[in-house]
Amino acid sequence: MALHNGSFLKDDNVVWHPHAVTRADREKQHGHRGAVLWFTGLSGSGKSTVAGALEQALHAQGISTYLLDGDNVRHGLCRDLGFTDDDRRENIRRVGEVAKLMVDAGLVVLTAFISPHRAERDMVRNLLGEGQFIEVFVDTPLAICEARDPKGLYKKARAGELKNFTGIDSEYQPPEVPDVHLNGEQLVTHLVPQLLDVMRQRAIINP
Ligand SMILES: Nc1ncnc2c1ncn2[C@@H]1O[C@H](COP(=O)(O)OS(=O)(=O)O)[C@@H](OP(=O)(O)O)[C@H]1O
Ligand SMILES: Nc1ncnc2c1ncn2[C@@H]1O[C@H](COP(=O)(O)OP(=O)(O)O)[C@@H](O)[C@H]1O
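The structure presented is a predicted model; accordingly, all values stated were derived computationally and were not measured.

> Lay out the sheet that holds strand β5 (residues 180–183) in plain terms, naming residues and giving numbers.
Reading across from one edge, β2-β3-β1-β4-β5 is the order of the 5 strands in this open sheet, with parallel pairing throughout. Every other strand in the sheet has two partners, leaving β2 (65–69) and β5 as the edge strands with one partner each. Strand after strand, the sheet turns through a mean of 20° between neighbouring axes, direction not considered. In the sheet, β2 pairs with strand β3 (residues 108–112) via 5 bridges, with the strands oriented parallel. When the sheet's bridge partners are listed, tyrosine 66 is paired in β3 with valine 109. Packed onto the sheet, helix α5 (residues 118–128) meets β1 (35–40) and β4 (133–139) and runs at close to 155° relative to β4.

> Describe unusual backbone geometry, naming the residues involved and giving the relevant values.
With phi around 55°, asparagine 164 is a residue other than glycine that occupies positive phi space. Exposure remark for asparagine 164: the relative accessible area of 33% places this residue in the partly exposed category. Despite not being glycine, alanine 203 shows a phi value in the positive range, around 60°. On the basis of relative accessibility, which here comes to 48%, the residue alanine 203 falls in the partly exposed class.

> Account for the site of ligand 2, with residues named and values stated.
Lining the immediate surroundings of ligand 2 are 13 residues, of which Gly44, Lys47, Ser48, Thr49 and Gln186 lie closest. In the environment of ligand 2, an oxygen atom lies 2.8 Å from a nitrogen or oxygen atom belonging to the side chain of lysine 47. At 2.8 Å, a side-chain N or O of serine 48 approaches an oxygen atom of ligand 2. Calculation on ligand 2 without its partners gives an accessible area of 560 Å², and the protein chains cover 72% of this total. No other element matches helix α2 (residues 47–60), which puts 3 residues into the shell around ligand 2.

> How would you explain the UniProt feature "active site" (unreviewed entry) in the protein chain if you had to name every residue and give the values?
Following the UniProt record, one finds the feature "active site" (unreviewed entry) at Ser115. Examined against the element boundaries, serine 115 turns out to sit in the loop between β3 and α5. Residue contacts for serine 115: discarding those within four places in its chain leaves Trp38, Phe39, Thr40, Ile92, Arg121 and Tyr172. Within the structure, the side chain of serine 115 is placed 3.0 Å from the side chain of tryptophan 38, a separation counted as a polar contact.

Conventions we followed
- Residues numbered from 1 in each chain as written.
- Chains lettered and ligands numbered in written order.
- Predicted model: local features only at pLDDT ≥ 70, side-chain atom pairs only at ≥ 80, totals over all residues.
- Heavy atoms only, no water.
- Pairing = 2+ DSSP bridges.
- Helix = DSSP H or I, 4+ residues; strand = E, 2+ residues; numbered from the N terminus.
- Axes fitted to C-alpha atoms, helices over the stretch in contact; angles between N-to-C directions.
- Contact = heavy atoms within 4.5 Å.
- Buried < 20%, exposed > 50% of the residue type's maximum accessible area, 1.4 Å probe, protein only.
- Near = heavy atom within 4 Å.
- Polar contact = N/O pair within 3.5 Å; in protein donor to acceptor, adjacent residues only side chain to side chain.
- Areas by Shrake-Rupley, 256 points an atom, 1.4 Å probe, with all protein chains shown as cover.
- UniProt positions renumbered as here; feature names shortened; annotations may be inferred.

In structure tokens:
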């Protein structure tokens, strides 16, 4: 059964329930639009750091935000998932659905997941719809990520103690045309203004 919001239901007895307070009402109350900034990049590329710094800047301007981070989500919502391709796909599907609900609530959602496959990132783009999904590629060379190695995971992966590690024995597919392409070797203080500019250009936040 096809739903008006583009999703499909297996059960014809469950129908979509429209509510009186709309997304537009909520966005008006927040004073900005809802949207997702979807950070993707290798482990250690700087996704959490840059998304966190951007959230601080937005919060200081009175923007209603929420940061969904891979490490944190995998302690709860996705605690049953590992790092096979199938589990990563399910991880991103769940996070995409949660982000969609948060955008409907009128929030600016920042997500920091490796999200290594183009197909899954495109799935979330299609789920969110045009203009509400901004793909941010944190482009940091593998050698730099490996040198940073804040959790010692690259070391474990190289030693064969950690299987399916992205960039080592599991593929990362870089975005071909990201909405924002960040050089992950630049200072975080240089990266945040680039993101704020894009958000203003796209009328997510006010100039
Ligand atoms: N095998 C393997 N490959 C990659 N990463 C691993 C792995 N095992 C554990 N970790 C830790 O899990 C974090 C990545 O989780 P994500 O949910 O972002 O991954 S994914 O989007 O589903 O691919 C990742 O966090 P970040 O370093 O913040 O990216 C790692 O700390
Ligand atoms: N632009 C940057 N320049 C230098 N170091 C950075 C930068 N961004 C992040 N780092 C450092 O790199 C490490 C990994 O950053 P993190 O945000 O945890 O990456 P990810 O979330 O992509 O795994 C951390 O020690 C962090 O302090």
